[in-house]
Structures are given as C-alpha cells and as structure tokens.
There are 2 protein chains.
Amino acid sequence: MTETLGFTLQCPVPDHGNERIELAHGSGGLLTHRLIEEVFRPAFAQSPEDFTHDGALIDVPGAQIAFTTDSYVVRPLVFPGGDIGSLAVNGTVNDLAMCGARPLWLSAGFVIEEGFPVEDLRRIVGSMRDAAQAAGVRLVTGDTKVVERGHGDGLYINTSGIGAVVALQPISPRQVQPDDVVIVSGDLGRHGMAVMAARENLGFEPPIVSDCAPVAAPVLRLLEEGVNLHCLRDLTRGGLATALIEIVESAGVGMELEASAIPVSAPVRGACEILGIDPLYVANEGRFAAIVPEGDAGHALSILGEFDGAATVIGSVRSGGTTGSVALKTMGGSYALDRIAGEQLPRIC
Amino acid sequence: MTETLGFTLQCPVPDHGNERIELAHGSGGLLTHRLIEEVFRPAFAQSPEDFTHDGALIDVPGAQIAFTTDSYVVRPLVFPGGDIGSLAVNGTVNDLAMCGARPLWLSAGFVIEEGFPVEDLRRIVGSMRDAAQAAGVRLVTGDTKVVERGHGDGLYINTSGIGAVVALQPISPRQVQPDDVVIVSGDLGRHGMAVMAARENLGFEPPIVSDCAPVAAPVLRLLEEGVNLHCLRDLTRGGLATALIEIVESAGVGMELEASAIPVSAPVRGACEILGIDPLYVANEGRFAAIVPEGDAGHALSILGEFDGAATVIGSVRSGGTTGSVALKTMGGSYALDRIAGEQLPRIC
C-alpha cells in the first residue's frame, strides 16, 4: 500500500484550526500528502530523510527481537490521565516490556472517520510523540486511512512494536513454579474506571485518573538487577483476574490470592461498587503482574518501590489444589475466579 | 494491551455457522478466548507454544530489518481476485519488498464491528493464511478489538511487517539518476477497477480481476541477479502517477513517460472511460515500478519476464526540464501529471 508517512515536501502548509478530515485525506493524493507534512512529520520525523520510504529500516542491535501489535478503539478518545494516543504508545511499549524486551520502534496506523477534526488529530499525535519520548521509543513508520462519515468512530489507532529482547531466560507461563509469588506493580482499576467516568459523565470525587504509563523502565531494572522473572503480564483488558487465569491455564498450576492484599484505591473501589463492577476485571494501562521465585520477591519489591505504584505481593502459586484455577481468599472463604463471559467494559482500550 | 492472539486452551469449540461478532468478542474474556481458539489459532499457530505470549519473539538473521504498517479498509471486503485478507497480507509483503527486504513476519490487528458474521471472518483469516504461505511469511502476532454495531464497517485489518534487508545498496528516490529508465512490472489499473466493479455491481464483460499478489519473489530475484535497483515503488493508492510524482519530488529530477508504452488492458481502459477515471491514478496491488540504470534495463526485463505481468519500460529520468515533474508524452503533445486533489476511488485498499 502507498504509505501515508511517505514523502518530503518543502512548502509550508497553513494551519487550519477547523479543518476536518475528508475522504480525500485518505486518498494518497494531495490532502494525504498535506496531512503527513502538517500533522505527522512535525511529530515524528527526526531528519529530512525520514519518511522517504514506505518502511522503516532498522539496525538491529541484538539477536532476538520481540514484535507485537494492538489496535486501540477506546471511547471517549480523551480521558483523565491520557488519550487514545498515549494509550496506543504505552500499551504497545508495555506489551514489549512483558516480553522481557527493550521497546525500540513503533509503527502507527490510523483509521480516521471523515469529518474528524484535524486539530484533535494533531493533539492526539502530539500525545503519541510525548509518550514515545517518555518511553524511549521511536515511531518510525505509519499509515493513514479515511472511512466515510458513519463508517468509523472518529479515530482508531493501531500500533505495532519491535523491541530487543534483553531477558536472558524465557519469560513465560511455562516458567511458573509452585511457591512462586505473585506481585502486582501498583493499585488496580484506575484506567477502566477513568474511561467509564469520562464516557458516562460520572463526576467521581476525587476524580479517578487513568494509570496509563509505560512500564518498561521498572521491568528493565528488574532484569538488570538479576531478578528471576518467571512470568510477566500487563493487566489490561480483562484486568488482573483474566491475566492470572490465562497464566495458570497455560502453566498448569494453581494460584491463591489474598483479597485483602490486592491494592485498589478507595475511589476506585467506591466507583466499582456504584457501577456493580468487579475491580479485579477492570483494565489497567500502567500495571503489571510479575511472578517470581519466593527468594526474589523482596529484591523485586525493593526495586519496584523506586517506581510509581506501590508494588505488593498478592498471592502465590500452589503445588496442590486445582490446576488452572485462581483462588481468591476473602474473609468469608475462598472462591475460584472465572473468565467473564460477557463484556463488562467495552472499548476501554 | 492484552493480546487476543494470546493463549492455549485445549477444549474444542463447536463451529457455529451463524455466529456473529458480539461486543464480548472484544472483551478479552471468554468469547475473545474462543474466537482465538476457533478462528485465529487454526489459521496461524504452528506449535502449541505459539500464542502463549503477547508479542512474537524472533531471531533476526541479518543486521538490518525493514518495518512497515498498513491499515486496510477496502469495501467491499471481497472482490474479484482477492479479499481484505489477501490484500492485507500482500500489501504489507509488497511494502517490505519495496524496501529491498525479504518479507518474514507479519502482525495482524482486527477491528471488527459487532454483528459481523464469524464465518466471514473465518474465510478472511483463511485467505490471510493462504496469502502468507504463498508469500513465504509468517503471521506471528495479532490483536482483535470489537466496536459496537454502527461504529465500524464490518472489518478493518492492520498488518505490520518485518523483513530482512537484502539489498546491498540503498533503494531510494535519492538514488535516482538522469537517464535511468522506468519499468513497470505489468499492466495497470486492475485492482482499483475490480473493487469498483464489485462495489457498484458493475458487470464488466470480461470481468476485471484484481492483480492483488505478492511481488517479493521478482524483487528478490532482481537483487540476487545484481540488477542495480535505484528505486522501487508499489503502485497502490494513487496509482502509477502518484508514485512517480512522489519519486521525482524526493529525487529532485524530472521524468518523461511514453503514454503509449504504459500497459493498461482493454477491459480496464474501457471501464475507466465509462467511469471517467484515469487509469494512471488507479490502485494496483501486485504491480511495482523499478527505476534502474539504462544499462540494467534489459537484464531486469528478462528477469521480470519469468514472472506474471509483462514488465515493460515506460519512460526515463531526465536531466534537463522541470525537476519534480512527470511529463506524459501523448500523440497530442506532452503534459505534466498532477497529484489528485480529491478522492477518486475511496476505500480501495
């Protein structure tokens, strides 16, 4: 396909504050060209040679790379603590970090609905630029398509990412062992509830702010410091519960969590109660679970303590009991977490 | 983000012929899980270990890789000669080939509208599998999001691709020299007109079939045989004219084309006349332009002759004249090709 992050052009293009996306912005023709020069090049190009080719050419520093992709359809596009742009960068950066990789390069594919305000696109692209800078990655290739009014929903963004694997050991559910401990990197449920509040105009007091952030730095520090990371998982769509269920099913182990140890802030807990939502299933965008040998837990916590989030141990892997099951111990007893069958919070990412 | 190409599960899932995409298919929960196991794993997984992690881990054979992305929003989803699935694979494969790279790995990101028939999705995913096999690439990571009915358009697919650069010299508009010749790899305009015919129910006789195909094999052969490829460009959105305008603007050269030498089949020419469309601006999905030194043109043509498409020389690069301009010589005189300002054929890819 002809790329939209495509070509150099010298003439400056005037800034039209009220310009809206037209079908022709996706044509590959003049308006596409202007969109690139006006919106994308200022955000992402680092030299005039950038954007002169369809694909990015990358010198690979290591022998193994990680490659991941995600499409982002969050609604609304802007929410307390972020927008679809920062989300699209951090989400893919975090996917790479979960592979034990140093995130390096991102692609961005935009599907824009006719009529979308160019000013909003510019703001979101700026937010991507800032998030990429904060996470130490470069957005190196991109594409734009436009669909007719009524056939999209403002803006969808896909980001794919490449990282250099730095973990010396595989990080995978298959590495999980009995007696390993389960650490979460911080309090849970903020992203999902912040998006819900923005979508439904719920004025929680104090306002709930998304945790949307890159987690590559703490993960790379854990690896550098020699913490034996058996498994990592970002706690996005489906939340903590879904992530841990997936891990125990893949690993063929059981897991036991202390409900009282799982960090959920009072505002999130209150909002979840009002809406009848279980915070363990709510998406986070700057939180991860790390499963490590018992002997490494203290070291891991002390490293994570240097970063945002108040990391804490919430449970452990069991040798006995039901394999493929996550048991939640509460004051009233213990019950097994289930996969949710329906959609609790659609379009949260 | 939690990936949808994510996890192993052993239980077989029954095939529901009339199943439709629900919002919950994008939830990360049970239905997402079933969708992966039922639709994506059968198509793409090669071992049970596949899909056990968020990102693909890849051993990189060379020192430099190419990385590209494209979103596909073609309408209708199926057209003579292909569908959005084969298009999404071939389009990104071809982008990598244009970088002088051997296409190796693809990602796939699906944005699916609630209500979309799962059977159609299965067919399209099967078409992606077949196209990937034909092009010698592996689809190694993916993601699915679902948007509410009325907020999408059936299905959008993003593919990103990684290739290993095999070209020993840079392939770029900057390499283009005066007296270089311009070769096109085959007849033009078929993809765009095939999609238009399908969309508008135009019964052209004979039917026009899209040229949608991978072009990596001929490009790699040209490189292996030592043809000095100064510049390559696939002739997708915006067609031949837009591609060459972009090249001459980047290269700061002029170009002259012989209108009579540009291969357009009689059915495509006829259809374009009926619809008032210039075939030079119509998208192709299996055609490229190669700009090579005059002395390499014969060698290039003889290699391309072994592949589908009837490659031919259509013009050359000029040292004098207007830089940044493509002149089309016709029987009636010569005129400069312009970028199109509007959208001639929306949603062609």
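- In the annotation of an unreviewed UniProt entry, chain A is listed under the name Hydrogenase and assigned to Novosphingobium malaysiense.
- You can read under Sequence similarities (unreviewed entry) in the UniProt record for chain A the words "Belongs to the HypE family."

Quick notes on the pairing of strand E6 (residues 138-147) of chain B
Residues and elements named next belong to chain B.
In step 1: Counting buried residues along E6, nine of its ten residues qualify, which places the element largely inside the surrounding structure.
In step 2: As paired strands, strand E5 (residues 101-113) and E6 are joined by nine bridges and run parallel to one another. Considered in E6, the bridge of Leu-106 is made with Leu-139.
In step 3: With helix H3 (residues 118-135) bridging E5 and the parallel E6, this β-α-β connection has right-handed handedness.

Examining the nonpolar core
In step 1: If you look at the biggest cluster of nonpolar residues, it comprises 99 residues, and the most contacted ones within it are Phe110(A), Leu121(A), Leu155(A), Leu240(A), Leu244(A), Met255(A) and Leu257(A).
In step 2: Top contributing element to this core by residue count: helix H3 (residues 118-135) of chain A, with eight residues.
In step 3: Two domains each put at least three residues into this core: domain 1 (23-165) and domain 2 (173-336) of chain A.
In step 4: Those residues in contact with Leu121(A), other than ones at most four positions away along the chain, are Ile21(A), Leu35(A), Val39(A), Phe40(A), Phe110(A), Ile112(A), Phe116(A) and Leu155(A).
In step 5: Core analysis: the next-biggest nonpolar cluster, separate from the first, contains 98 residues, Tyr72(B), Met128(B), Leu232(B) and Ala290(B) among them.

A short note on the sheet that holds strand E11 (residues 288-292) of chain A
The strands making up a sheet associate through hydrogen bonds between their backbones, and the pairing can be parallel or antiparallel.
All names here are of chain A.
In step 1: With mixed pairing, the seven strands of this open sheet are ordered in space as E9-E11-E8-E12-E10-E13-E14. The open sheet is flanked by strand E9 (231-234) and strand E14 (333-336), the only strands paired with a single partner. Averaged over all pairs of adjacent strands, the angle between their axes in this sheet comes to 25°, without regard to strand direction.
In step 2: Summarising the sheet, E9 and E11 pair through four bridges and their orientation is antiparallel. Counted as the bridge partner of Asp-234 is Phe-288 from E11.
In step 3: With respect to the sheet, helix H2 (residues 84-98) is in contact with E9 and E11, its orientation differing from that of E9 by roughly 170°.
In step 4: The strands touched by helix H6 (residues 239-251) within the sheet are strand E8 (181-184), E9, strand E10 (254-258), E11, strand E12 (312-318) and strand E13 (325-330), with E10 carrying the most contacts at an inclination of about 155°.

Focus: H2(A)
Residues and elements named next belong to chain A.
In step 1: Between its terminal C-alpha atoms H2 stretches 21 Å, which fits the 21 Å expected from 15 residues at 1.5 Å a residue.
In step 2: The element H2 is largely enclosed, with a buried count of 15 among its 15 residues.
In step 3: Where H2 begins, one side-chain oxygen reaches toward the backbone nitrogen of Gly-85, 2.8 Å away; that side chain belongs to Asp-83.
In step 4: Just beyond H2, the residue with positive phi is Gly-100, at close to 75°.

Some thoughts on the sheet that holds strand E14 (residues 333-336) of chain B
Residue and element names in this part refer to chain B.
In step 1: Ordered by their spatial adjacency, seven strands build an open sheet running E9-E11-E8-E12-E10-E13-E14, and the pairing between neighbours is mixed. One side of each edge strand has no neighbouring strand; the edge strands of this open sheet are strand E9 (231-234) and E14. Strand-to-strand, the axes of this sheet are offset by a mean angle of 25°, without reference to chain direction.
In step 2: Along the sheet, helix H8 (residues 297-304) contacts strand E8 (181-184), strand E11 (288-292) and strand E12 (312-318); its crossing angle with E8, the most-contacted strand, is approximately 5°.

Some words on the packing of aromatic side chains
In step 1: By the definition in use, this model includes two aromatic pairs over all chains.
In step 2: Ring geometry for Phe67(A) against Phe67(B): centres 6.3 Å apart, planes inclined by 85°, an arrangement best described as edge-to-face. Here the residue Phe67(A) occupies a position in strand E2 (residues 64-72), and Phe67(B) occupies one in strand E2 (residues 64-72), the pair thus bridging two chains.
In step 3: Among the residues examined, Phe67(A) registers a relative accessible area of 0% and is labelled buried.
In step 4: When the ring of Tyr156(A) is compared with that of Tyr156(B), the centres are 6.2 Å apart and the planes differ by 50°; the resulting orientation is tilted. Here the residue Tyr156(A) occupies a position in strand E7 (residues 155-165), and Tyr156(B) occupies one in strand E7 (residues 155-165), the pair thus bridging two chains. Assigned by exposure class, Tyr156(A) and Tyr156(B) land together as buried.
In step 5: Directly above the ring of Tyr72(B) sits Lys145(A), whose terminal nitrogen or CZ lies 5.7 Å from the centroid.

Some words on the environment of Cys349(B)
In step 1: Among the structural elements, Cys349(B) can be located in the segment after E14.
In step 2: As for Cys349(B) and Arg237(B), which are separated by 112 residues in sequence, their C-alpha atoms are 7.2 Å apart.

Observations concerning unusual backbone geometry
In step 1: In this structure, Pro76(A) follows Arg75(A) across a cis peptide bond, with omega equal to 0°.
In step 2: Residue position: Pro76(A) is located in the loop between E2 and strand E3 (78-79).
In step 3: Notably, Asp179(B) is not glycine yet its phi reads approximately 80°, a positive angle.
In step 4: Relative to the assigned elements, Asp179(B) resides in the loop between E7 and E8.

Things to note about the packing of helix H5 (residues 216-224) of chain B against H8(B)
How two helices pack is summed up by the angle between their axes together with the distance between the axes.
Residue and element names in this part refer to chain B.
In step 1: Between H5 and H8, the least distance of the axes is 10 Å, while the angle of their chain directions is 140°. Overall, the two elements H5 and H8 adopt an arrangement that is oblique. As for the relative orientation of H5 and H8, their crossing is right-handed in sense. Across the interface between the two elements, Pro-218, Arg-221 and Leu-222 of H5 pack against Ala-300, Ile-303 and Leu-304 of H8.
In step 2: Split by residue class, the contact of H5 with H8 holds five nonpolar, no polar and one charged.

Side note on the pattern of salt bridges
Residues and elements named next belong to chain B.
In step 1: For the structure on display, the rule yields 38 salt bridges over all chains.
In step 2: Of the charged contacts in the structure, one is a salt bridge between Arg-122 and Glu-119, with a shortest N-O distance of 3.3 Å. Taken as a pair, Arg-122 and Glu-119 lie in helix H3 at a separation of three residues, close to a single helical turn.

About the criteria used
Residues numbered from 1 in each chain as written. Chains lettered and ligands numbered in written order. Predicted model: local features only at pLDDT ≥ 70, side-chain atom pairs only at ≥ 80, totals over all residues. Heavy atoms only, no water. UniProt positions renumbered as here; feature names shortened; annotations may be inferred. Buried < 20%, exposed > 50% of the residue type's maximum accessible area, 1.4 Å probe, protein only. Helix = DSSP H or I, 4+ residues; strand = E, 2+ residues; numbered from the N terminus. Pairing = 2+ DSSP bridges. Right-handed = clockwise from strand over helix to strand, strands pointing away. Core = buried A, V, L, I, M, F, W, Y, C linked by side-chain atoms within 4.5 Å. Domains from an automatic or database assignment. Contact = heavy atoms within 4.5 Å. Axes fitted to C-alpha atoms, helices over the stretch in contact; angles between N-to-C directions. Expected span 1.5 Å × (residues − 1). Polar contact = N/O pair within 3.5 Å; in protein donor to acceptor, adjacent residues only side chain to side chain. Phe/Tyr/Trp six-rings, centres within 6.5 Å; stacked < 30°, edge-to-face > 60°. Lys NZ or Arg CZ within 6 Å of the ring centre and 35° of its normal. Parallel < 35°, antiparallel > 145°, perpendicular 65-115°, else oblique. Left-handed = near helix turned anticlockwise from the far one by under 90°. Nonpolar A, V, L, I, M, F, W, Y, C, P; charged D, E, K, R; others polar. Salt bridge = Lys/Arg side-chain N within 4 Å of Asp/Glu carboxyl O.

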